[in-house]
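# What the coordinates show
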Amino acid sequence: QVQLVESGGGLVQAGGSLRLSCAASGLTFSTYTMGWFRQAPGKEREFVAAISWIGGGTYYADSVKGRFTISRDNAKNTVYLQMNSLKPEDTAVYYCATRYQGTLMVAKNAYDYWGQGTQVTVSS
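Attention here is on the structure that accompanies the text. Residue indices begin from 1 for each chain and proceed along its sequence in written order. A pLDDT threshold of at least 70 governs which residues receive local features in this predicted model, and a stricter bar of 80 or more applies before side-chain atom pairs are shown or counted, although totals over entire chains, interfaces and linings include all residues. Heavy atoms from the whole structure form the basis of all side-chain values; hydrogens and water molecules are not counted.

A separate point is the packing of aromatic side chains. Ring geometry is summarised as follows: Phe, Tyr and Trp rings, the Trp one being its six-membered ring, pair when their centres sit within 6.5 Å, and such pairs are stacked at plane angles under 30 degrees, edge-to-face over 60 and tilted between the two. All chains considered together, the criterion is met by six aromatic pairs. Every member of this aromatic cluster is reached through a ring pair, and the members are Phe-37, Phe-47, Tyr-59, Tyr-111 and Trp-114. Whether a charge sits over a ring comes down to the Lys NZ or Arg CZ being within 6 Å of the ring centre and within 35 degrees of the ring normal. It is Arg-45 that lies over the ring of Tyr-95; its NZ or CZ is 3.6 Å from the centre.

Attention shifts here to the state of the cysteines. Note on terminology: disulfide denotes any pair of cysteine sulfur atoms within 2.5 Å. Taken as a whole, this structure holds one disulfide when the rule is applied. The disulfide partner of Cys-22 is Cys-96, and the S-S distance across this bridge is 2.1 Å. The S-S bond linking Cys-22 to Cys-96 shows a torsion near -75°; that makes this disulfide left-handed. Taken together, the residues span a long stretch of sequence, with Cys-22 in strand 3 (residues 18-25) and Cys-96 in strand 9 (residues 92-100) at a distance of 74 residues. Of the two residues examined, Cys-22 and Cys-96, each falls in the buried class. Secondary structure elements are defined from DSSP: runs of H or I of at least 4 residues count as helices, runs of E of at least 2 residues count as strands, and each element is numbered from the N terminus. Throughout, exposure labels follow a simple rule: accessible area from a 1.4 Å probe, protein chains only, divided by the maximum for the residue type, with under 20% read as buried, over 50% as exposed, and the rest as partly exposed.

Here we come to the sheet that holds strand 3. Pairing between strands is defined by DSSP: at least two bridges between them are needed. Judged by pairing direction, the sheet is antiparallel, and its four strands sit side by side in the order 1-3-8-7 without closing on themselves. Strand pairing shows two members of the sheet lacking a second neighbour, strand 1 (3-7) and strand 7 (68-73), which therefore form its edges. Strand-to-strand twist in this sheet, taken as the mean axis angle between neighbours without regard to direction, amounts to 15°. Note that strand 3 and strand 8 (residues 78-83) share six bridges and pair antiparallel. Opposite Ser-21, over in strand 8, you have Tyr-80 as the bridge partner. Throughout, an axis means a line fitted to C-alpha atoms (over the contacting stretch in the case of helices), and angles, computed between N-to-C directions, take values from 0 to 180 degrees.

A few words on the pairing of strand 8. For strand 8, the buried fraction is high: five of the six residues fall into the buried class. Relative to strand 8, strand 7 runs antiparallel, the two being bridged by six bridges. Within the sheet, the bridge partner assigned to Asp-73 lies in strand 8 and is Thr-78.

Moving on to the nonpolar core. Soluble globular proteins: nonpolar side chains tend toward being buried together. Met-34, Trp-36, Val-79, Leu-81, Met-83 and Tyr-94 are the most contacted members of the largest nonpolar core, which totals 37 residues. Taken together, the elements giving at least two residues each to this core come down to strand 3, strand 4 (32-39), strand 5 (46-51), strand 7, strand 8, strand 9 and strand 11 (118-123). Broken down by element, the residue count for this core peaks at five residues, all from strand 5. Dropping the residues within four chain positions of it, Tyr-94 is found in contact with Glu-6, Leu-20, Trp-36, Phe-37, Arg-38, Val-48, Phe-68, Leu-81, Met-83, Gly-117, Thr-118 and Val-120. Remark: nonpolar core denotes a set of buried residues (Ala, Val, Leu, Ile, Met, Phe, Trp, Tyr, Cys) joined through side-chain atoms within 4.5 Å. Contact definition: two residues touch when any of their heavy atoms are within 4.5 Å.

Another aspect to go through is the environment of Phe-47. Tracing the backbone through its elements, the reader meets Phe-47 in strand 5. When its relative accessible area of 11% is taken as the criterion, Phe-47 is described as buried.

Shown next, in the form of structure tokens:
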């Protein structure tokens, strides 16, 4: 079955950087669109970034544009989220998600498989 395992979260000071990784198994990774979402305490899970299965096109939420970069390594079945210039409001549990092919989607219900999440905490 499809499994997604996130890693790389932690505690960082405002202005710092973190790189999240999501290792996928049980799927032909190169044919799946990958996305990152986040959920802060008491808030809805929100879209952060997505990368297409074909052509490597990317899309970002306005709140992270210019600070975060999503990338994928199909040889390693892994998607990354490089997060720079972190702010306290970026504090959340970050989730990796995927669906077969598709376009760059921002809706949660467009994704079929989810990881367990990794905590990112940004201190001021």
